[in-house]
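# Inside the fold
Here's the letter readout for the chains.
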Amino acid sequence: MMPNIVRGDRMAGLMTYLVGQGRSNEHEEPHLVAGDPALMAWHGDNDLNRDAALDIARHLDLPRKAFDTEVNGGHVWHCSLSIRAEEGMLTDEKWGEIADDFVKAMGFDDAEGTKAAARWVAVRHGVSGNGNDHIHLAVNLIREDGTKVNIHNDFHRAQKAARAIEVKHGLEQLESQNMDRATRGYDPAELEAQSRRIARAKYERARLNGGGVLPVWEGLDGTQRQASVAEEYRAGQPRYELARTVRAAATASESEGEFVRRMRQSGLLVRARFAEGTQDVVTGYSVAQKPMNGERPIWYGGGHMGRDLTLPRLRAEWPDTPQGATEAAAEWAAARRGHRIVSPGRETTTPSLQLYARMNDELGKLSEQLRSVPLDDHDTWARVARGTAGAFAAWSKATEAVPGPLANTADVLARSAQTRRAPIQPKPAGMASFAGTAMLLAVAVKGGKGAAAQALMIRQLATLAKAVFDAARASGEARQAAAIRDAERNNLRGVHERLEQLSVTVSKTSVAVLDPELEAVKARINAGQVNATQIDSPIPHRVEPTKAKQPTTGPEQTGLER
């Protein structure tokens with residue numbers, strides 16, 4: 001369940017919006033599902049119109065007018081509670097129970113007779129434009145005795161209340177909370193909802209700072225509101241592109257200095273954040289895309305792009321040596337001053353096909369190692385997800401003029417790498433394979449060279465994606481598992497088509513040295529006997545701790561869903 005909070009000072013404006021037609025005429029049959037007893041007695045069984053909305057607003061506002069109490073930021077507390085469209089529709093009775101529980105959890109009630117209650121109401125008016133069933137809560141932050149409701153940290157408290165309500169009422173639970181994830185994945189509809197929330201909050205802050213002269217958000221023309229939302233949506237996009245570029249550079253690097261060089265090589269502006277009072281102790285970093293003429297760069301810190309991209313977490317993947325620290329300090333300093341790279345390294349070399357074969361073999365060994373990784377070892381699975389996402393991101397940066405299937409796959413897998421706390425376990429053996437793999441894919445040639453070797457690489461990366469999928473599904477992360485499955489299902493065909501277009505001629509002998517199965521698979525695809533998306537993955541059906549081997553029965557299955 002998703003709570004979305006906004007503050008204001010015009011109860012009448014809010015109520016008339018809630019019973020009106022909505023921005024896209026999506027409001028249907030507005031009515032109350034919960035509220036204080038007096039309101040429910042008057043309006044509980046009626047469809048609401050403008051006159052009823054104004055009457056409700058007057059009733060809710062009475063304590064503020066009676067005591068003339070002012071609340072910084074506005075006395076009108078508005079929160080929408082919504083569930084995903086896939087969860088279907090709840091009854092009015094269920095929404096009423098949820099509203100009562102939420103109000104109690106937020107401390108708006110009488111606290112079992114120890115406080116004066118605040119006046120509130122819950123309105124339901126059909127699904128949103130995205131198909132989400134939801135209600136709206138309107139609360140007067142002035143209690144019946146003129147005291148103010150404590151709304152300190154209300155955003156965090158609302159999230160905690162929502163998580164408890166999910167459990168109590170059997171709603172779909174937020175996977176990122178259960179799995180200690182720091183972020184959750186957004187589909188396009190959710191990205192728009194997030195942009196709408198940010199645009200609305202910014203507007204209300206500007207309105208309040210201006211003395212309330214401007215109309216409330218609901219009072220704006222629909223075109224104005226949508227323009228503000230679109231601006232926030234556009235502003236959020238560079239962050240995802242930057243995160244993909246940085247993740248690719250970090251995964252391909254074997255040291256911090258190489259990481260700095262790869263970011264600069266990708267065309268990013270890079271600046272270090274130093275410990276207070278020093279000019280050589282780097283504690284963090286920010287990056288920006290090179291701006292157009294006349295524009296200023298927009299900087300994003302590593303943690304704002306992804307929890308797995310903070311400098312301390314990245315450093316956990318690289319050797320900690322005095323020589324490496326000195327090299328990194330020199331590269332950070334050169335980046336800050338705009339000077340040329342100090343010590344070019346492996347990022348400038350052209351890999352051989354033999355190196356592809358070696359990395360392919362190492363990835364295969366890593367896949368075997370993952371068989372013994374427990375499902376509750378979230379640190380290791382987050383590292384695997386990050387490395388696989390980084391490899392796909394590096395490949396995307398090298399071969400996709402605009403973000404495409406590889407970029408999408410990288411973004412989906414990156415969600416499984418987002419954890420609130422830094423990993424506390426040592427880096428698992430074999431994880432260095434990702435650095436070599438991402439390095440190779442970062443220089444993937446579009447003209448055809450090495451296509452067969454890249455075809456092998458995608459099979460191994462699909463295997464690792466399958467392992468992350470299995471771990472997510474077994475851990476109860478149904479949404480994330482479905483996202484990984486859909487990414488594989490929708491993107492793998494496009495990647496294979498990309499490789500086919502490279503039109504490389506490789507002798508059967510050299511291909512056999514790399515992978516004796518590849519020619520047979522390609523022959524079956526060319527003969528139309530098997531779809532390119534049906535290439536078998538050597539990953540085991542389930543990812544479980546090491547046990548005694550059991551005989552396998554039944555026909556072999558393909559794809560991510562076993």
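Summarised in this report is the structure supplied together with it. What you are looking at is a predicted structure, and each value in this text was computed from that prediction instead of being measured.

### Some details on the overall build of the protein chain
Scanning the protein chain from N- to C-terminus turns up 20 helices and 8 strands. Residues classed as buried in the protein chain amount to 49% of the 562 residues present. Put simply, 74% of the contacts in the protein chain that link residues at least 6 apart link residues at least 24 apart. Working note: accessible area of the protein chain is about 27200 Å², and carbon and sulfur atoms make up 50% of it.

### Re the packing of helix H9 (residues 256-265) against helix H12 (residues 322-337)
With their axes 7 Å apart at the nearest point, H9 and H12 run at an angle of 25° to one another. As far as their axial angle goes, H12 and H9 are roughly parallel. On H12, the residues that touch Glu256, Gly257, Glu258, Phe259, Val260, Arg261, Met263 and Arg264 of H9 are Glu327, Ala328, Glu331, Trp332, Ala334 and Ala335. For the contact of H9 with H12, the class distribution of residues is 7 nonpolar, 1 polar and 6 charged.

### Let's talk about the pattern of salt bridges
Per the counting criterion, the structure on display carries 24 salt bridges. Note that Glu166 and Arg163 form a salt bridge whose closest N and O atoms lie 2.7 Å from each other. Placement of both Glu166 and Arg163 in helix H5 (residues 154-168) is noted, with a separation of 3 residues, approximately one turn of the helix. Given a relative accessible area of 2%, Glu166 falls into the buried group. One salt bridge connects Asp308 with Arg247, and the closest N-O pair in it is separated by 3.0 Å.

### Structural notes on the sheet that holds strand S6 (residues 268-274)
Taken in spatial order, the 3 strands make up an open sheet running S6-S7-S8, and their pairing is antiparallel. Each having just a single partner strand, S6 and strand S8 (300-301) make up the two edges of the open sheet. In this structure, S6 lies alongside strand S7 (residues 282-289), joined through 7 bridges in antiparallel fashion. Within S7, the position partnered with Ala272 by the bridge is Tyr285. Packed on one face of the sheet, H9 meets S6 and S7 and runs near 145° to S6. Together, S6 and S7 form the strand contacts of H12, whose direction differs from that of S6 by roughly 120°.

### Considering the packing of aromatic side chains
By the definition in use, this model includes 6 aromatic pairs. Look at Phe259 and Tyr285: their rings are 5.7 Å apart centre to centre, the planes differ by 85°, and that puts the pair in the edge-to-face class. Of this pair, Phe259 sits in helix H9 while Tyr285 sits in strand S7; the two residues are 26 residues apart in sequence, bridging distant segments of the chain. Across this residue pair, the class does not change: Phe259 and Tyr285 are buried. Their ring planes at 40° and their centres at 5.4 Å tell us that Phe259 and Trp318 sit as a pair that is tilted. Of this pair, Phe259 sits in helix H9 while Trp318 sits in the loop between helix H11 (311-315) and H12; the two residues are 59 residues apart in sequence, bridging distant segments of the chain. Trp318 shares its class with Phe259; the two are buried. A connected cluster of aromatic rings, assembled from ring pairs, spans Phe259, Tyr285, Trp318 and Trp332. Seen from the ring of Trp299, Arg271 lies directly overhead, with NZ or CZ sitting 4.0 Å from the centre.

Scoring rules and cut-offs
Residues numbered from 1 in each chain as written. Predicted model: local features only at pLDDT ≥ 70, side-chain atom pairs only at ≥ 80, totals over all residues. Heavy atoms only, no water. Helix = DSSP H or I, 4+ residues; strand = E, 2+ residues; numbered from the N terminus. Buried < 20%, exposed > 50% of the residue type's maximum accessible area, 1.4 Å probe, protein only. Contact = heavy atoms within 4.5 Å. Areas by Shrake-Rupley, 256 points an atom, 1.4 Å probe, with all protein chains shown as cover. Axes fitted to C-alpha atoms, helices over the stretch in contact; angles between N-to-C directions. Parallel < 35°, antiparallel > 145°, perpendicular 65-115°, else oblique. Nonpolar A, V, L, I, M, F, W, Y, C, P; charged D, E, K, R; others polar. Salt bridge = Lys/Arg side-chain N within 4 Å of Asp/Glu carboxyl O. Pairing = 2+ DSSP bridges. Phe/Tyr/Trp six-rings, centres within 6.5 Å; stacked < 30°, edge-to-face > 60°. Lys NZ or Arg CZ within 6 Å of the ring centre and 35° of its normal.

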